Amino acid sequence: SEMCIRDRYQRRVHGDPQLDAGKSIPSGDVDLSLTTPYGAPSADAYIIPVPNDCVGLVIGKGGETIKQLQVQSGAKNVQVAADSAPGQNSRNVFVEGDKEAYEKVKQMLQAIICLLYTSPSPRDS
């Protein structure tokens, strides 16, 4: 389901029962699943969860793959969350740009994830 950062953040801050069952996050606690190592993404960024074990492939050596995602999609920015949400085995990828750029990034991420899960691991050969 598509949800931009602003929706998630406002729900978090204002205590949306669907999101956090009435628990409010104490001020000062930062949800690392909604921020990047470089700070908070744009409030209008799209969120795409990716499995934790794919994060290295998504970023690539020296950040090369994530740069390519950004360039090829035409997105203004593509970043990976600083951490996964507690109890989750996925990490958010934030896409800043129009819906078309978001859809392209989503397709490319799905291809990367498929590649990881369909290619034989070294121990199988």
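Here, the structure is the one placed above.
## What about the overall build of the protein?
Here is step 1 of the chain: Check the secondary structure of the protein and you find 5 helices and 3 strands.
Here is step 2 of the chain: Reading the protein from its N terminus to its C terminus gives the helix and strand order α-α-β-α-α-β-β-α.
Here is step 3 of the chain: Here the protein holds 125 residues, and 38% of them are scored as buried.
Here is step 4 of the chain: Taking all contacts inside the protein whose residues are at least 6 apart in sequence as the whole, residues at least 24 apart take part in 67%.
Here is step 5 of the chain: Carbon and sulfur atoms provide 52% of the accessible area of the protein, an area that totals close to 7,900 Å².

## Regarding the side chain of D31
Here is step 1 of the chain: As for its placement among the helices and strands, D31 is situated in the loop between α2 (17-20) and β1 (46-51).
Here is step 2 of the chain: Side chain to side chain, D31 and S33 meet in a polar contact 2.6 Å long.

## Considerations on the packing of helix α4 (residues 64-73) against helix α5 (residues 99-118)
Here is step 1 of the chain: Contact pair α4 / α5: the axes reach a minimum separation of 9 Å and the direction vectors enclose 140°. It follows from the interaxial angle that α4 and α5 lie oblique. Remark: the crossing between α4 and α5 carries right-handed chirality. Contact residues: α4 offers T65, L69, Q72 and S73, while α5 offers A101, K104, V105, M108, L109 and I112.
Here is step 2 of the chain: Class assignment for the residues of the contact of α4 with α5 results in 6 nonpolar, 3 polar and 1 charged.

## Some remarks on α5
Here is step 1 of the chain: With 20 residues, α5 extends 28 Å between its outermost C-alpha atoms, agreeing within 8% with the 28 Å of an ideal straight helix rising 1.5 Å per residue.
Here is step 2 of the chain: Looking only at α5, the buried set comprises A101, Y102, V105, M108, L109, I112 and I113. Along the axis of α5, the buried residues cluster in a sector spanning 140°; they form a single face. Within α5, the exposed residues directed more than 90 degrees away from the buried face are E100, Q107 and T118.
Here is step 3 of the chain: Elements that come into contact with the buried residues of α5 comprise β1, α3 (55-59), α4, β2 (77-80) and β3 (90-96).

## Quick word on the sheet that holds β3
Here is step 1 of the chain: Taken together, 3 strands build an open sheet; the order of strands is β1-β3-β2 and the sheet is antiparallel. Edge positions in the sheet fall to β1 and β2, since each has one partner strand and no second. Taken pair by pair, the neighbouring strands of this sheet meet at an average axis angle of 25°, ignoring direction.
Here is step 2 of the chain: Strand direction decides the pairing type here: β1 and β3, joined by 6 bridges, are antiparallel. By the bridge assignment, P51 is partnered in β3 with S90.
Here is step 3 of the chain: Across the sheet, α5 is in contact with β1, β2 and β3; its angle to β1 comes to roughly 0°.

## Remarks on the nonpolar core
Here is step 1 of the chain: Formed by 20 residues in total, the largest nonpolar core has its most connected members in V58, L69, V93, V95 and L109.
Here is step 2 of the chain: Listed by contribution, the elements that provide at least two residues to this core are β1, α3, α4, β2, β3 and α5.
Here is step 3 of the chain: Among the elements that line this core, the one with the most residues is α5, at 7 residues.
Here is step 4 of the chain: Look past the residues within four positions of L109 in its chain and what remains in contact with it is I48, V50, V58, L69 and V93.
Here is step 5 of the chain: Ranked by size, the runner-up nonpolar core spans 5 residues in total, among them A45, I47, A81 and F94.

Calculation criteria
- Residues numbered from 1 in each chain as written.
- Predicted model: local features only at pLDDT ≥ 70, side-chain atom pairs only at ≥ 80, totals over all residues.
- Heavy atoms only, no water.
- Helix = DSSP H or I, 4+ residues; strand = E, 2+ residues; numbered from the N terminus.
- Buried < 20%, exposed > 50% of the residue type's maximum accessible area, 1.4 Å probe, protein only.
- Contact = heavy atoms within 4.5 Å.
- Areas by Shrake-Rupley, 256 points an atom, 1.4 Å probe, with all protein chains shown as cover.
- Polar contact = N/O pair within 3.5 Å; in protein donor to acceptor, adjacent residues only side chain to side chain.
- Axes fitted to C-alpha atoms, helices over the stretch in contact; angles between N-to-C directions.
- Parallel < 35°, antiparallel > 145°, perpendicular 65-115°, else oblique.
- Left-handed = near helix turned anticlockwise from the far one by under 90°.
- Nonpolar A, V, L, I, M, F, W, Y, C, P; charged D, E, K, R; others polar.
- Expected span 1.5 Å × (residues − 1).
- Arc of directions from axis to C-beta.
- Pairing = 2+ DSSP bridges.
- Core = buried A, V, L, I, M, F, W, Y, C linked by side-chain atoms within 4.5 Å.

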